[in-house]
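This is what each chain is made of:
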Amino acid sequence: MNFRTLLCCAVAGVIAAGSAMAQQAQPIVIKFSHVVAVDTPKGKAAEMFKKLAEERTKGKVKVEVFPNSQLYKDKEEMEALQLGAVQMLAPSLAKFGPLGVKEFEVFDLPYIFPSKEVLRAVTEGPVGQGLLRKLETKGILGLAYWDNGFKIMSANKPIHKPEDLKGQKMRIQSSKVLDAEMRALQALPQSMAFSEVYQALQTGVVDGTENPPSNMFTQKMHEVQKHATVTNHGYLGYAVIVNKKFWEGLPTDIRAVLEGAMNESTRFANAIALQENEDALAAMKASGKTDFYTPTADEVTAWRKALLPVHKDMESRVGKETIEAVYKEAAKLGFKN
């Protein structure tokens, strides 16, 4: 081998080494997409994860958060994750039914969680963790459950009793359980992307909807809804999920740090959810744009009576075993369904 060849080989080696070092210096990018505002419990938790992940990996990981459906709408984001166009999502639990994991729709059942303690026993115990494992066949890993809160009903007419929703066009997430819930109230369910709800309410495409106060407030739905009733009839939570291939391909030390950041972000998310919803409800009441009604004990009984049959009706879809597993967790804490 002559000198020129040796020199060329040496230069090539230096270039290759430099290129490898440059690539190694590039941070790992995690695109985290979600559909709600930054100032919601989920939005704040996503920003917390970004902060902790970047600090604790010393810049080796960069988390790019895209709120408010900036990248994808409700129905698009799951496919984007599976294809690797984004690496992390926090979709509402209703999104997993259409994906084929119908057991997740247990979270949509009205009045299924009599207290936050029961909810936490489910999400942190074998029931919730078993549900997350079912996502793996879809190329998805479930990392955590994040709370939002319990939902209230809103419309442009007073809704003190279940029969007041008769004939009302009510926006819901794409969920067979939520569809059955509205039909049990003789309402007309309208499945629609979250990003489209404000305009639909404003233009009369739908008459009302159900949401935790924080979502209603941050999306300014109270500006286009005359009435709301604090029914607390259903739960809205999220599962933080990642592309399985991407997550398992991370260096072991990096993944461990990110898991720690996620655990802390989850504690943060679940700690602030209750206060955020109370603050949002207070702010909407103070605005005077929506009349808020709190049902009497007898009226709550009427709402429960109208909606609890949905549990039985949905056994064939959600799974009787899954529903009964939640009942058992409630019974351990002294509640009966």
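For the structure, see preceding data.
A brief look at the structure comes next. Every chain is numbered independently, its residues counted from 1 as its sequence is written. Per-residue local features are limited, in this predicted model, to residues with pLDDT of at least 70; the limit for side-chain atom pairs, both in listing and counting, is 80 or more; totals at the level of whole chains, interfaces and linings are taken over all residues. Values reported for side chains reflect all heavy atoms of the structure, with hydrogen atoms and water molecules removed beforehand.

## Let's talk about helix H11 (residues 252-287)
Phase 1 of the analysis: Only DSSP runs of H or I covering at least 4 residues are called helices, and only runs of E covering at least 2 are called strands; the numbering of each starts at the N terminus. Multiply 1.5 Å by the residue count of a helix minus one, and that product is the helix's expected span. In this model H11 runs 50 Å from its N-terminal to its C-terminal C-alpha over 36 residues, within 8% of the 52 Å that 1.5 Å per residue would give.
Phase 2 of the analysis: Considering bend angle alone, the principal kink of H11 is centred on Ala 273 and spans about 35°.
Phase 3 of the analysis: Following H11 by one or two positions, Gly 288 has its phi on the positive side, about 75°. Here the bend at each residue means the angle between axes fitted to two seven-residue stretches, the one ending at that residue and the one beginning there.

## Details of the pattern of salt bridges
Phase 1 of the analysis: When a carboxyl oxygen of Asp or Glu lies within 4 Å of a side-chain nitrogen of Lys or Arg, that pair is called a salt bridge. For the structure on display, the rule yields 19 salt bridges.
Phase 2 of the analysis: The shortest N-O distance in the salt bridge between Glu 55 and Lys 51 comes to 3.3 Å. Of the two residues, Glu 55 and Lys 51 are both situated in helix H2 (residues 41-56); the distance of four residues between them amounts to about one turn of the helix.
Phase 3 of the analysis: For each residue, the accessible area found with a 1.4 Å probe, counting protein chains only, is set against the maximum for its type, and the residue is called buried under 20%, exposed over 50%, and partly exposed in between. Classification of Glu 55 by relative accessible area gives partly exposed; the value is 46%.
Phase 4 of the analysis: Between Arg 56 and Glu 264 there is a salt bridge, with the nearest N and O atoms lying 2.4 Å from each other. With Arg 56 in helix H2 and Glu 264 in helix H11, this pair connects stretches of sequence that are 208 residues apart.
Phase 5 of the analysis: By relative accessible area, which is 37% here, Arg 56 ends up partly exposed.
Phase 6 of the analysis: Judged by relative accessible area, Glu 264 falls into the partly exposed class, the value being 29%.
Phase 7 of the analysis: One salt-bridge network, held together by shared partners, links Lys 116, Arg 120, Glu 124 and Asp 147.

## Concerning the sheet that holds strand E7 (residues 188-191)
Phase 1 of the analysis: Pairing is mixed across the open sheet formed by six strands, whose spatial order is E7-E6-E8-E5-E9-E11. Of all the strands in the sheet, just E7 and strand E11 (291-293) have a single pairing partner and so form its edges. Neighbouring strand axes in the sheet, compared pairwise and without regard to direction, differ in orientation by 25° on average.
Phase 2 of the analysis: One ladder, built from three bridges, connects strand E9 (residues 227-229) with E11; its direction is parallel. Bridging across to E11, His 227 finds its partner in Asp 291. When DSSP finds two or more bridges between a pair of strands, those strands are recorded as paired. Helix axes are fitted to C-alpha atoms over the stretch in contact, other axes to C-alpha atoms as well, and angles between N-to-C directions run from 0 to 180 degrees.

## A closer look at the nonpolar core
Phase 1 of the analysis: Definition used in this section: a nonpolar core is a set of buried Ala, Val, Leu, Ile, Met, Phe, Trp, Tyr and Cys residues joined via side-chain atoms within 4.5 Å. Within the largest apolar cluster, 43 residues are counted, with the highest numbers of intra-cluster contacts made by Phe 32, Phe 49, Val 63, Met 88, Trp 146 and Leu 258.
Phase 2 of the analysis: With 36 residues, the next largest nonpolar core counts Leu 93, Phe 107, Val 122 and Ala 180 among its residues.

## Quick word on the packing of aromatic side chains
Phase 1 of the analysis: When the centres of two rings from Phe, Tyr and Trp lie within 6.5 Å, Trp using its six-membered ring, the rings pair. Their planes under 30 degrees apart give stacked, over 60 give edge-to-face, and anything left gives tilted. Taken as a whole and judged by the stated rule, the model has nine aromatic pairs.
Phase 2 of the analysis: Taken together, a centroid distance of 5.8 Å and an interplanar angle of 75° make the contact between Phe 113 and Tyr 235 edge-to-face. Here Phe 113, found in the loop between helix H4 (96-99) and helix H5 (116-124), pairs with Tyr 235, found in strand E10 (residues 235-243); they are 122 residues apart in sequence, far enough to count as distant. Accessibility assignment for this pair places Phe 113 and Tyr 235 in one class, buried.
Phase 3 of the analysis: Arranged with centres 5.7 Å apart and planes meeting at 55°, the rings of Phe 150 and Tyr 235 form a pair that is tilted. One end of the pair, Phe 150, is in strand E4 (residues 140-150); the other, Tyr 235, is in strand E10, with 85 residues separating them in the sequence.
Phase 4 of the analysis: Following the ring pairs from residue to residue traces out a cluster consisting of Phe 96, Phe 104, Phe 107, Phe 113, Tyr 145, Phe 150 and Tyr 235.
Phase 5 of the analysis: Note on criteria: charge over ring means Lys NZ or Arg CZ within 6 Å of the ring centre, with the direction from the centre no more than 35 degrees off the ring normal. Note that Lys 42 overlies the ring of Tyr 238, its terminal NZ or CZ placed 3.8 Å from the centroid.

## A word on the side chain of His 222
Phase 1 of the analysis: Looking at where His 222 falls in the secondary structure, it is placed in the loop between helix H9 (213-218) and E9.
Phase 2 of the analysis: Residue His 222 is classed as buried on the basis of its relative accessible area, which comes to 5%.
Phase 3 of the analysis: Any pair of residues with heavy atoms lying within 4.5 Å of one another is described as a contacting pair. Those residues in contact with His 222, other than ones at most four positions away along the chain, are Met 216, Phe 217, Met 284, Ser 287, Lys 289 and Thr 290.

## A short note on the pairing of E7
Phase 1 of the analysis: Pairing of strand E6 (residues 169-172) with E7 involves four bridges; the strand directions are parallel. Bridge assignment links Arg 171 to a residue of E7, and that residue is Gln 190.
Phase 2 of the analysis: A clockwise path from the first strand over the helix to the second, with the strands pointing away from the viewer, defines a right-handed crossover. Handedness of the E6-helix H7 (residues 176-184)-E7 crossover: right-handed.

## Focus on the environment of Met 170
Phase 1 of the analysis: Along the chain, the position of Met 170 falls in strand E6.
Phase 2 of the analysis: Once the C-alpha coordinates of Met 170 and Arg 183 are considered, the two residues, 13 residues apart in sequence, prove to be 10.0 Å apart.
Phase 3 of the analysis: Excluding residues that lie within four positions of it along the chain, Met 170 makes contacts with Met 153, Ser 154, Leu 165, Met 182, Ala 187, Leu 188, Pro 189, Gln 190, Gly 208 and Thr 209.

## A short note on the packing of H5 against helix H15 (residues 320-332)
Phase 1 of the analysis: Look at H5 against H15: their axes get within 9 Å of each other, and the N-to-C directions meet at 130°. Between H5 and H15, the angle is such that the two are oblique. By crossing handedness, the relation of H5 to H15 is classed as right-handed. Listed contacts from H15 to Val 118, Ala 121 and Val 122 of H5 are Val 326, Glu 329 and Ala 330.
Phase 2 of the analysis: Class assignment of the residues belonging to the contact of H5 with H15 gives a composition of five nonpolar, no polar and one charged. Angle categories are assigned with fixed cut-offs, so that under 35 degrees is roughly parallel, over 145 is roughly antiparallel, 65 to 115 is roughly perpendicular, and the rest are oblique. Each crossing gets its handedness from the near helix: less than a right angle anticlockwise from the far helix is left-handed, clockwise is right-handed. By the convention adopted, Pro, Cys, Tyr, Trp, Phe, Met, Ile, Leu, Val and Ala count as nonpolar, Lys, Arg, Asp and Glu as charged, and the other residues, Gly among them, as polar.

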